[in-house]
Amino acid sequence: MNMKKPMLSVQEALDFLLQSARSVKERELVSTLDANGRVLAEDQISQINVPPMDNTQMDGYVVRAADCVSGNAVLRVSQRIPAGHIGQSLEAGTAARIFTGAFIPEGADAVVIQEQCKADATGEQVTIEHAPKSGEWIRRAGEDIQTGSVILQAGTRLRAQEQGLAASVGLAQLPVFRRLKVAVFFTGDELTMPGEPLKPGAIYNSNRFMLRGLLQQLGCDVTDLGNVPDTLDATRSALRNAAQGNDLIITSGGVSVGEEDHIKPAVEAEGSLNMWQIAMKPGKPLAFGEVHRESQHSTFFVGLPGNPVSSFVTFLLFVRPFIHALQGAQTITPKSYSMRADFSWSKADRRNEFLRVRINDAHGLDLFSNQSSGVLTSTVWGDGLVDNPPNQVIQPGDVVRFIPFNELLY
Ligand code: AMP
Ligand code: MG
């Protein structure tokens, strides 16, 4: 009986991965300064108002608005309040020189910018040439953040903005999940490292550089076991090594079922494996499983296809969200945009295609001329992917679904 397994859709494969994920539990405290890219382990609550007090947005004079209704009031300058210094209560009929960020003194209720004021030569008197509304140019206490409010939720990946926000409420340290430990190795007797001459039949190992870069951008702690020869024994021993002390193993190449493809039998011998045919292009084969190890849980395994663009696209669509889940990060669905195709694509395929495209000056999309799964140039030239459903031809002017690479790279 020849029962060919049906191909999985992209969504089915992704759901399976996400359901299988076990997130890291261990936490550590890191300095807010060093928290970039880490995943927050607990909600963060502000203990203060930001700003802490009413303060001035501009350099000028702080007054009682009621004293200035004439639009030409002459007031005695009673004091000078630079940022970081606390002024005296403002007496009626006086003004205080004030500088951006300084707290508003008691009694005052408006700031007049210096361009609308004329001080006399001694600086002891000022003419306020504007009738301010009460509250003018004043930033209110708690306008940004109120005491007791949640400023960041558990599962947030900390970017520069989040570090700044945490610091603005005085948080010097943040509880984060420990870094995910990921081991990688690369199969293929043809693979050569840059820096070495290319022998006949050889190619440079580009996936090693691309995958390491992707993993580093995701804040993973990477152990790189390098190139592994195309034999069952070497592949099995690399898997055993990679499993020790790591949460996830990622490999490239050798996931087809040819004589030179050893990933499948090796993972089956060292653990368990699902071989998937995914209805997508580039990137049809994807291997997902676990490799046993002596202590605790087994280590997750993902085998990416060897073709560089297939490897890149399957990483972005599957490995990235899987890593987020293992890291304890909230699921972030990449934003996609309806955009106009300024190209035609007549080779409708029964698989879901991910075409490398670029945004042109007319706000439409151009297609890279060579969509072959080995052409890495397309990933450098392109701004992102068109997610083209199965059996869909594209005519110029059609609206397509565009996912920018930026949405897939953090
Ligand atoms: P495989 O999946 O092992 O059958 O490899 C598919 C194609 O990808 C072959 O043309 C390989 O030479 C190429 N390939 C495999 N691994 C890499 C790699 N690490 N870097 C660049 N190309 C690769
Ligand atoms: Mg190979």
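For the structure, check the block above.
Summarised in this report is the structure supplied together with it.

**What about the packing of helix H4 (residues 232–243) against helix H5 (residues 263–270)?**
Working note: a packed helix pair is described by the angle between its axes plus the distance between those axes. Contact geometry for H4 and H5: axes closest at 9 Å, N-to-C directions at 50°. As the angle between them shows, H4 and H5 are arranged oblique. H4 and H5 meet at a crossing whose hand is right-handed. Facing Leu232, Thr235, Arg236, Leu239 and Arg240 of H4, the residues of H5 in contact are Ile263, Pro265, Ala266, Val267, Ala269 and Glu270. Looking at the contact of H4 with H5, its residues break down into 7 nonpolar, 1 polar and 3 charged.

**Brief notes about the pattern of salt bridges**
Enumeration according to the criterion identifies 18 salt bridges in this entry. With its nearest N and O atoms 2.8 Å apart, the salt bridge here joins Glu42 to Arg27. Here the residue Glu42 occupies a position in the loop between strand E1 (27–31) and strand E2 (44–45), and Arg27 occupies one in strand E1, the gap between them amounting to 15 residues. Bridged by salt links that share partners, the residues Glu26, Arg178 and Asp247 form one connected network.

**Observations concerning a negative patch on the surface**
Among the surface-exposed residues, Asp189, Glu190, Glu259 and Glu260 lie close enough to one another that they form a single negatively charged patch. On the secondary structure map, Glu260 appears in the loop between strand E17 (248–252) and H5.

**Side note on unusual backbone geometry**
The residue after Val50, namely Pro51, is reached through a cis peptide bond having omega -5°. Here the bond from Lys281 into Pro282 is cis, since omega is 0°, no more than 30 degrees from zero. Here Pro282 is to be found in the loop between strand E19 (280–281) and strand E20 (285–291). Backbone geometry places His363, a non-glycine residue, at a positive phi of 60°. Within the secondary structure layout, His363 lies in the loop between strand E23 (352–359) and strand E24 (364–367). The phi dihedral of Asn391 falls on the positive side, at around 60°, and the residue is not glycine. Among the secondary structure elements, Asn391 is positioned in the loop between strand E25 (384–388) and strand E26 (399–404). What makes Asn391 exposed here is its relative accessible area of 55%.

**Structural notes on the sheet that holds strand E5 (residues 73–81)**
Hydrogen bonds along the backbone pair up the strands of a sheet, which may run parallel or antiparallel. Pairing within the open sheet is mixed, and its 6 strands lie in the order E7-E4-E6-E5-E9-E8. In this open sheet, the two strands that pair with only one neighbour each are strand E7 (110–113) and strand E8 (117–119). Across this sheet, the average inter-strand angle for adjacent strands is 40°, counted without regard to direction. Bridging between E5 and strand E9 (residues 125–128) involves 4 bridges; their strand directions are antiparallel. Bridge pairing links Val74 to Thr127 in E9.

**Let's talk about the site of ligand 1**
Near ligand 1 there are 14 residues, and of these Glu190, Asn205, Gly254, Gly306 and Asn307 occur at the shortest range. Gly254 is positioned with one of its backbone polar atoms (N or O) 2.9 Å from an oxygen atom of ligand 1. The backbone of Asn307 places a nitrogen or oxygen atom 3.2 Å from an oxygen atom of ligand 1. Calculation on ligand 1 without its partners gives an accessible area of 480 Å², and the protein chains cover 76% of this total. Broken down by secondary-structure element, the contributors of at least two residues to the shell around ligand 1 are strand E15 (203–204) and helix H3 (206–217). Here the residues of the shell around ligand 1 sort into 4 nonpolar, 9 polar and 1 charged.

**With respect to the packing of aromatic side chains**
Evaluation of the coordinates by the stated rule reveals 8 aromatic pairs. Both rings, one in Phe300 and one in Phe322, keep their centres 5.2 Å apart while their planes meet at 85°; by these two values the pair is edge-to-face. Of the two residues, Phe300 sits in strand E21 (residues 299–304) while Phe322 sits in helix H6 (residues 308–327), which places them 22 residues apart along the sequence. For Phe322, a relative accessible area of 0% gives the class buried. In this structure, Arg320 is placed above the aromatic ring of Tyr410, and the distance from its NZ or CZ to the ring centre is 5.1 Å.

**Observations concerning H4**
When the terminal C-alpha atoms of H4 are compared, their 16 Å separation across 12 residues agrees well with the 16 Å that a helix rising 1.5 Å per residue should span. Of all the positions in H4, only Ala234, Thr235, Ala238, Leu239, Ala242 and Ala243 are classed as buried. Down the axis of H4, the smallest arc covering the buried residues is 165°, so these residues share one side. Facing away from the buried surface of H4 by more than 90 degrees, the exposed residues are Asp233 and Asn241. The secondary structure elements touched by the buried residues of H4 are strand E13 (181–187), strand E16 (221–228), E17, H5, E20 and E21. In the stretch just after H4, Gly245 is the one whose phi turns positive, near 75°.

**Examining the state of the cysteines**
Tallied over the entire structure, the rule returns 0 disulfides. Just so you know, Cys68 is unpaired, no disulfide at all, and the nearest cysteine sulfur is the one on Cys117, 8.3 Å from it. Note on Cys68: relative accessible area 0%, which makes it buried.

Basis of the calculations
- Residues numbered from 1 in each chain as written.
- Chains lettered and ligands numbered in written order.
- Predicted model: local features only at pLDDT ≥ 70, side-chain atom pairs only at ≥ 80, totals over all residues.
- Heavy atoms only, no water.
- Axes fitted to C-alpha atoms, helices over the stretch in contact; angles between N-to-C directions.
- Helix = DSSP H or I, 4+ residues; strand = E, 2+ residues; numbered from the N terminus.
- Parallel < 35°, antiparallel > 145°, perpendicular 65-115°, else oblique.
- Left-handed = near helix turned anticlockwise from the far one by under 90°.
- Contact = heavy atoms within 4.5 Å.
- Nonpolar A, V, L, I, M, F, W, Y, C, P; charged D, E, K, R; others polar.
- Salt bridge = Lys/Arg side-chain N within 4 Å of Asp/Glu carboxyl O.
- Patch = residues over 30% accessible without salt bridge, like charges linked within 9 Å, V, L, I, M, F, W, Y side chains within 5 Å.
- Areas by Shrake-Rupley, 256 points an atom, 1.4 Å probe, with all protein chains shown as cover.
- Lys, Arg positive; Asp, Glu negative; His and termini not counted.
- Charge placed at Lys NZ, Arg CZ, Asp CG, Glu CD.
- Buried < 20%, exposed > 50% of the residue type's maximum accessible area, 1.4 Å probe, protein only.
- Pairing = 2+ DSSP bridges.
- Near = heavy atom within 4 Å.
- Polar contact = N/O pair within 3.5 Å; in protein donor to acceptor, adjacent residues only side chain to side chain.
- Phe/Tyr/Trp six-rings, centres within 6.5 Å; stacked < 30°, edge-to-face > 60°.
- Lys NZ or Arg CZ within 6 Å of the ring centre and 35° of its normal.
- Expected span 1.5 Å × (residues − 1).
- Arc of directions from axis to C-beta.
- Disulfide = S-S within 2.5 Å.

Just distances and angles here, no functional claims.
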